[in-house]
Amino acid sequence: MRSIPFFAAVMAASLLLAASPVSAAETATASVVVSAKFASRTSLKVSTDLLQFDAAGPDRSATATVDFAAGARTQSGGEVLLSIEQLRGVQGPGGASDLDSSVSFAGEGAGTLDGTLVATGPAVAGRWTGSGLRQGRLVFALRAGASGNYIVPVRFILSAP
């Protein structure tokens, strides 16, 4: 770990300066240059990673809600992104993948975004600048061709440079 030798060097320099005899008429000055780089860190908690919908009919949308707490420590002005990745197709009644269904989402809270889940890649659901703790909610809406229970497994990803 790099920080231990650095702090040891600072302590040794401080002791040397303190041990130097200085009379009341003399002035002693010293300067220490400190440079530190911190790696970005993220922490994400979500209420669920399995979206469950109970569709009442083909002309109605069913909803599922996910609450999140996203924490990031990043460089000043660094961008923080919350993404959602659909892991498999929408599982419809009887376990079959429903190709006619679509899942959209709306963000509630500062920095959250609206979008649509696609099987080909992640969708950005939140964007912030700098370190901090952000809390919010994502409301997912399923449009399906038939009534029944639907399941969509998802993965949430919080990234910072």
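As a reminder, the structure under discussion sits directly above these lines.
Residues numbered from 1 in each chain as written. Predicted model: local features only at pLDDT ≥ 70, side-chain atom pairs only at ≥ 80, totals over all residues. Heavy atoms only, no water.

1. So, the overall build of the protein chain
Here is step 1 of the chain: Within the protein chain, the regular secondary structure consists of one helix and nine strands.
Here is step 2 of the chain: Each helix and strand of the protein chain, placed in order from N terminus to C terminus, yields the pattern α-β-β-β-β-β-β-β-β-β.
Here is step 3 of the chain: Across the 161 residues of the protein chain, 29% fall into the buried class.
Here is step 4 of the chain: In the protein chain, the share of contacts with a sequence separation of at least 24, taken over all contacts with a separation of at least 6, comes to 76%.
Here is step 5 of the chain: Here the protein chain displays about 10,200 Å² of accessible surface, and carbon together with sulfur accounts for 54% of that area. (Helix = DSSP H or I, 4+ residues; strand = E, 2+ residues; numbered from the N terminus. Buried < 20%, exposed > 50% of the residue type's maximum accessible area, 1.4 Å probe, protein only. Contact = heavy atoms within 4.5 Å. Areas by Shrake-Rupley, 256 points an atom, 1.4 Å probe, with all protein chains shown as cover.)

2. Some thoughts on the pattern of salt bridges
Here is step 1 of the chain: Enumeration over the complete set of coordinates arrives at three salt bridges.
Here is step 2 of the chain: Across the pair Asp67 and Arg137 runs a salt bridge, and its minimum N-O distance is 2.6 Å. Remark: Arg137 occurs in strand E8 (residues 132–143) and Asp67 occurs in strand E3 (residues 61–73); sequence separation between them is 70 residues.
Here is step 3 of the chain: On the basis of relative accessibility, which here comes to 34%, the residue Arg137 falls in the partly exposed class. (Salt bridge = Lys/Arg side-chain N within 4 Å of Asp/Glu carboxyl O.)

3. Regarding the environment of Ala70
Here is step 1 of the chain: Inspection of the secondary structure puts Ala70 in strand E3.
Here is step 2 of the chain: Note on Ala70: relative accessible area 2%, which makes it buried.
Here is step 3 of the chain: Along the primary structure Ala70 and Leu158 are separated by 88 residues, whereas in three dimensions their C-alpha atoms are 7.3 Å apart.
Here is step 4 of the chain: Setting aside chain neighbours within four positions, we find Ala70 in contact with Ser43, Leu44, Gly132, Leu133, Arg134 and Leu158.

4. Side note on the pairing of strand E9 (residues 148–159)
Here is step 1 of the chain: Sheet topology note: the strand E2 (residues 50–55)/E9 ladder contains six bridges and is antiparallel. Among the inter-strand pairings, Leu51 is bridged to a residue of E9, identified as Val152.
Here is step 2 of the chain: Inspection of the sheet shows strand E4 (residues 79–86) paired to E9 by six bridges, in the antiparallel sense. Note that in E9 the partner of Gln86 across the bridge is Val154. (Pairing = 2+ DSSP bridges.)

5. What to know about the side chain of Gln86
Here is step 1 of the chain: Along the chain, Gln86 falls in strand E4.
Here is step 2 of the chain: Engagement of the side chain of Gln86 in a polar contact is seen with the backbone oxygen of Arg88, the distance being 2.9 Å.
Here is step 3 of the chain: If we ignore the near neighbours within four places in the chain, the residues touching Gln86 are Leu117, Val118, Ala119, Val152, Pro153 and Val154. (Polar contact = N/O pair within 3.5 Å; in protein donor to acceptor, adjacent residues only side chain to side chain.)

Interpretation in functional terms is not warranted from these geometric data alone.
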